[in-house]
Amino acid sequence: MDNKTYLEASARTASTQFHEDKITPAMVEMALQEAIATGNMLDAIKKGLYYGKSLPDNHPALDNKFTETDLDPRAIDQDILHAALGIYTEATEMLEAIYLTMKGAEFDKVNAAEELGDAEWYMAMLYRSLEETPENVKRVNIDKLRHRYPEKFRSMDAIDRDLDTEREILEKGHS
Ligand SMILES: [Mg+2]
């Protein structure tokens, strides 16, 4: 599926709701602060692993309780890890800009588009690693969403998903 078709098809399944009765501004602020802190922590891990940069002295991972683990970072393809960390950290940069705008700063669309481009770079790394093409991933994504939302986005369909059938669509599309 080409980009233009995907942009149009994906709009059909986007929520146009905004439930401020469920989520207060203070809840949003708390979650954004946590997400940005985690993203910055991951960014330093990414720069350490892939650029050889030392962690800053105040990095939480330098805490003694994190010295022992059975986790093996080499159990996953290094590019897949790099790409996933990168997508998270670019999303963090976007969230930081959004947070500042919610606090009164002007939203910088040029910077937002830059973060989008940076995220695309990491997505490209993931496509190469998974031996997938953007065209196929977009096509299968829309097939899955057509099943989930036959007409358009509905909250009940977003919450109650038929995961077995969605998995069948994904396996067929990515085999
Ligand atoms: Mg960036």
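So, how was this worked out
Every chain begins its residue count from 1, and numbering advances along the sequence as written. Where local features are concerned, this predicted model is filtered to residues with pLDDT of at least 70; where side-chain atom pairs are given and counted, the filter is 80 or more; whole-chain, interface and lining totals use all residues. Helix and strand definitions follow DSSP, with helices as H or I runs of at least four residues and strands as E runs of at least two, each counted in order from the N terminus. Here a residue counts as buried when 20 or more other C-beta atoms fall within 10 Å of its C-beta, as exposed when 12 or fewer do, and as partly exposed in between; the C-beta atoms come from the backbone. By definition, residues are in contact whenever their C-beta atoms, placed on the basis of the backbone, come within 7 Å of each other. Note on geometry: axes are lines fitted to C-alpha atoms, helical ones only across the stretch in contact, with angles between N-to-C directions running from 0 to 180 degrees. Between 65 and 115 degrees an angle is taken as roughly perpendicular, under 35 as roughly parallel, over 145 as roughly antiparallel, and anywhere else as oblique. Here is the rule for handedness: rotate from the far helix to the near one, and if that takes an anticlockwise turn smaller than a right angle the crossing is left-handed, while a clockwise turn gives right-handed. The domain limits used here are those given by an automatic or database domain assignment.

(A) Broad picture of the overall build of the protein. Looking only at helices and strands, the protein features seven helices and zero strands. Secondary structure elements of the protein, listed N to C terminal, follow the sequence α-α-α-α-α-α-α. C-alpha atoms of the protein, sized along the principal axes, occupy 55 × 45 × 30 Å. Here the protein holds 175 residues, and 3% of them are scored as buried. Expressed as a percentage of contacts within the protein between residues at least 6 apart in sequence, the contacts between residues at least 24 apart total 69%.

(B) Fine view of the packing of helix 2 (residues 25-51) against helix 3 (residues 78-102). Relative orientation of the contacting elements helix 2 and helix 3 amounts to 140°, with a least axis distance of 8 Å. Relative to helix 3, the element helix 2 is oriented oblique. The interaxial crossing formed by helix 2 with helix 3 has left-handed handedness. On helix 3, the residues touching Leu-32, Ala-35, Ile-36, Gly-39, Asn-40, Leu-42, Asp-43, Ile-45, Lys-46 and Tyr-50 of helix 2 are His-82, Leu-85, Gly-86, Tyr-88, Thr-89, Thr-92, Leu-95, Glu-96 and Tyr-99.

(C) Fine view of the domain arrangement of the protein. Domain assignment breaks the protein into domain 1 (21-66 + 74-131) and domain 2 (132-175). The centre of domain 1, based on its C-alpha atoms, is set 26 Å off from the matching centre of domain 2.

(D) Representation of the environment of Pro-56 within the structure. Along the chain, Pro-56 turns up in the loop between helix 2 and helix 3. In this structure, the C-alpha to C-alpha distance between Pro-56 and Met-41, residues 15 residues apart in sequence, is 9.8 Å.

(E) Expanded view of the environment of Tyr-99. Residue position: Tyr-99 is located in helix 3. Judged by C-beta crowding, with 16 C-beta atoms within 10 Å, Tyr-99 ranks as partly exposed. For the pair formed by Tyr-99 and Ile-36, sequence separation is 63 residues and the distance between their alpha carbons is 9.4 Å. Not counting residues up to four positions away in its chain, the partners in contact with Tyr-99 are Leu-32 and Ile-36.

(F) Looking closely at unusual backbone geometry. At Glu-131, a residue that is not glycine, the phi angle is positive and equals roughly 50°. Relative to the helices and strands, Glu-131 is located in the loop between helix 4 (109-130) and helix 5 (134-148).

(G) Spotlight on the packing of helix 3 against helix 4. One can describe the packing of helix 3 onto helix 4 by two numbers: an axis separation of 9 Å at closest approach and a directional angle of 165°. The orientation of helix 3 with respect to helix 4, classified from their angle, is roughly antiparallel. Taken as a pair, helix 3 and helix 4 cross one another with a handedness that is left-handed. Each of Asp-79, Ile-80, His-82, Ala-83, Gly-86, Ile-87, Glu-90, Ala-91, Glu-93, Met-94 and Ala-97 in helix 3 lies in contact with helix 4, whose residues at this interface are Asn-111, Ala-112, Glu-115, Asp-118, Ala-119, Tyr-122, Met-123, Met-125, Leu-126 and Ser-129.

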